[in-house]
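One letter stands for each residue in the lines below.
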Amino acid sequence: MSIKIGLLGFGTVASGIPFLLHENSSKILDASRDQLEIAKVLVKDEEEKERLLAAGNNFNFVTNIDDILQDESIAIVVELMGRIEPARTFITKALEAGKHVVSANKDLIATHGKDLIALAQDKGLAFYYEAAVAGGIPILRTLANSLTSDKVTRILGVLNGTSNFMMTKMVDEGWTYEAALAEAQALGYAESDPTNDVEGIDAAYKAVILSQFGFGMAIDFEQVSHQGISSITPDDVAVAQQLGYVIKLVGSVEETASGIFAEVSPTFLPKSHPLASVNDVMNAVFVESIGIGESMYYGPGAGQKPTATSVVADIIRIARRIKDGNVGKPFNEFSRETKIADPADVTSNYYFAINTSDEKGKMLRLAEIFNSEDISFEQVLQQKANGTTARVVIITHELSKTQLANVTEKLTAVSDFELLNTFKVLGE
Ligand SMILES: NC(=O)c1ccc[n+]([C@@H]2O[C@H](COP(=O)([O-])OP(=O)(O)OC[C@H]3O[C@@H](n4cnc5c(N)ncnc54)[C@H](OP(=O)(O)O)[C@@H]3O)[C@@H](O)[C@H]2O)c1
């Protein structure tokens, strides 16, 4: 007997699965206690089927999802097509047909995961998606299993390889955002429409999933504010370096007294912080907790073999649970009432870059505006921009999201000042 799998899609990740099943066959057999067999593979059309067969892929390719859904011998459906539709419909139908499901689709899980998880629970089926966050880094199962005794207080992550590659070029080699994006596209890291990667949307999807596993709270994607890297200028990068920081796109999820808060934003990281040395396309998740303290999980957040490794681990776990007779258990059992933090409770230090005219009294006026919101400065730098303007850089002491919104409004209302950028600064 073998456990039969139906693959949906045969792109980058899916085509890495046969490699592992072949190269690691005896360990996988021992772990799953049964042979894993790719019984059918769904592809888009006949042309794709012919192309894949001609390229030497010896699988039973089908072009109609019903060929998989109606095949009672298939126990596990592995969705690796990406995007929301038709993935959402196919997964729903697979669960309704009594099949366990594995997916790596963070977009779908972050936006419609609640319904799919509930359906799987209702049907007593497994729905696993380790590869959806940081590809090859086994972070979800680590949070769900190894950290059950611990209380997580904050998760910080470099969660998007494309934007991290670009930031590394911008920081280490002084490239502009535009040049870094062109290189990322030339190397195949960034898609022709890079919005999800560079605007922090992809990282925000992952923050939604991390909030469930780390904090037991199911926040909605719309509740995660996201700011991308497109507004970062070489001036911001240079001043960060001068002050001992590295800028990275960081996803953060933290619990405050009033609830949970998640966001993705360019962040000044002290050079000594472990996340500051996560470069190129690598990912890392930095977990702060009351038991372990600080721990970091580092590795490839994407790529065929790393991601397929996480997917196959999910398949093995399901196969094993089928054998053990306890397959209906949810991937993540930590669940409590979701409470969103009051902005007044969410605090951080901030970087402000402001242009002003190089006239007497402007600095005093600026200090008054910050002072009116009870915000004090940790560091101030005044740089001459050109003949008549000055660029002022301020690193503040801790302030809340409420103070941040108020001071931003005041600064933009005054014609004396041009607010160029505001980024989070992580304390030492
Ligand atoms: N690549 C990574 O490193 C990585 C890392 C973590 C998570 N993931 C996730 O893993 C999933 C797969 O990613 P990938 O990089 O392997 O994507 P990919 O290379 O684009 O592969 C997806 C494949 O599915 C096919 N497909 C799309 N719609 C289909 C349909 N209706 N029926 C049959 N086939 C269909 C696509 O065909 P066409 O090309 O013709 O559209 C493509 O061949 C995504 O959810 C992604 O977010 C990927």
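Keep in mind that this is a model prediction, so the values were computed, not measured.

### As for the overall build of the chain
Check the secondary structure of the chain and you find 15 helices and 17 strands. For 428 residues, the compact-globule formula gives about 22 Å, and the C-alpha radius of gyration of the chain, at 24 Å, lands near that figure. Expressed as a percentage of its 428 residues, the buried residues of the chain come to 52%. Expressed as a percentage of contacts within the chain between residues at least 6 apart in sequence, the contacts between residues at least 24 apart total 73%. Of the roughly 18400 Å² that the chain leaves accessible, carbon and sulfur atoms contribute 48%.

### Describing the domain arrangement of the chain
For the chain, the assigned domains are domain 1 (2-136 + 304-324), domain 2 (139-300) and domain 3 (343-425). Contacts between the two partners involve 19 residues from domain 1 and, on the opposite side, 18 residues from domain 2. For the pair domain 1 and domain 2, the two sides together bury roughly 1600 Å², of which 61% comes from carbon and sulfur. Contact with domain 2 buries area across many residues of domain 1, yet Ala110, Glu130 and Val133 alone supply 34% of it, more than any other trio. Our count for the domain 1 to domain 2 interface comes out at three salt bridges. For Asp202, the salt bridge identified is with Lys106, shortest N-O distance 3.8 Å. Where domain 1 meets domain 2, there are six residue pairs in polar contact (both at pLDDT 80 or more). Listing elements by their share of the side of domain 1 that touches domain 2, those giving two or more residues are α6 (106-123) and α13 (304-324).

### A short note on the layout of surface pockets
The volume enclosed by the second largest pocket comes to roughly 350 Å³. What lines the second largest pocket is a set of 22 residues, among which Leu143, Ala144, Thr148, Asn332 and Phe334 lie closest to the centre. Among the elements of the structure, α7 (139-146), α11 (201-215) and α13 are those that each provide at least two residues to the lining of the second largest pocket. Per-element tally for the lining of the second largest pocket: the top contributor is α7, with four residues. When grouped by side-chain class, the residues that make up the lining of the second largest pocket number 10 nonpolar, four polar and eight charged. Counting residues domain by domain, the lining of the second largest pocket receives three or more from each of domain 1 (2-136 + 304-324) and domain 2 (139-300).

### Side note on the site of the ligand
Neighbouring the ligand are 18 residues, the closest being Thr12, Val13, Lys44, Ala302 and Gly303. Contacts to the ligand include Gly303, whose backbone N or O atom sits 2.6 Å from an oxygen atom. Burial of the ligand by the protein chains amounts to 71% of its free accessible area of 880 Å². Its residues assigned to classes, the shell around the ligand comprises nine nonpolar, seven polar and two charged.

### Considering unusual backbone geometry
Going from Glu85 to Pro86, the amide bond is cis rather than trans, its omega being 5°. In this fold, Pro86 is placed in the loop between β4 (74-79) and α5 (87-96). The backbone phi angle of Asp374 is positive, close to 65°, even though this residue is not glycine. Assessed through its relative accessible area of 64%, Asp374 is described here as exposed.

### A closer look at the sheet that holds β4
Taking strand neighbours across the sheet as the criterion, the six strands line up as β3-β2-β1-β4-β5-β6 in an open arrangement whose pairing is parallel. Lying at the two open borders of the sheet, with one neighbouring strand each, are β3 (61-62) and β6 (127-128). Two elements, strand β5 (residues 100-103) and β6, share two bridges in a ladder whose sense is parallel. Within the sheet, the bridge partner assigned to Val102 lies in β6 and is Tyr128. Sitting on the sheet, α5 touches β1 (2-8), β2 (35-42), β4, β5 and β6, and the angle it makes with β5 is about 155°.

### What about the pairing of strand β7 (residues 152-158)?
Among the seven residues that make up β7, five are buried, leaving the element largely enclosed by the rest of the structure. Bridge count for β7 against strand β11 (residues 282-289) is six bridges, and the pairing is antiparallel. Bridge pairing in β11 links Val158 to Ala284. One ladder, built from four bridges, connects β7 with strand β9 (residues 245-255); its direction is antiparallel. Looking at β9, one finds that Ile155 is bridged to Val253.

Cut-offs applied
Residues numbered from 1 in each chain as written. Predicted model: local features only at pLDDT ≥ 70, side-chain atom pairs only at ≥ 80, totals over all residues. Heavy atoms only, no water. Helix = DSSP H or I, 4+ residues; strand = E, 2+ residues; numbered from the N terminus. Rg over C-alpha atoms; globule rule 2.2 N^0.38 Å. Buried < 20%, exposed > 50% of the residue type's maximum accessible area, 1.4 Å probe, protein only. Contact = heavy atoms within 4.5 Å. Areas by Shrake-Rupley, 256 points an atom, 1.4 Å probe, with all protein chains shown as cover. Domains from an automatic or database assignment. Buried area = accessible area lost by both parts, 1.4 Å probe. Salt bridge = Lys/Arg side-chain N within 4 Å of Asp/Glu carboxyl O. Polar contact = N/O pair within 3.5 Å; in protein donor to acceptor, adjacent residues only side chain to side chain. 1 Å grid on protein atoms, 1.4 Å probe; cavity = no way out; pocket = protein on both sides within 12 Å on 5 of 7 lines; lining within 4 Å. Points joined across faces, edges and corners; volume = space filled by probe spheres on them. Nonpolar A, V, L, I, M, F, W, Y, C, P; charged D, E, K, R; others polar. Near = heavy atom within 4 Å. Pairing = 2+ DSSP bridges. Axes fitted to C-alpha atoms, helices over the stretch in contact; angles between N-to-C directions.

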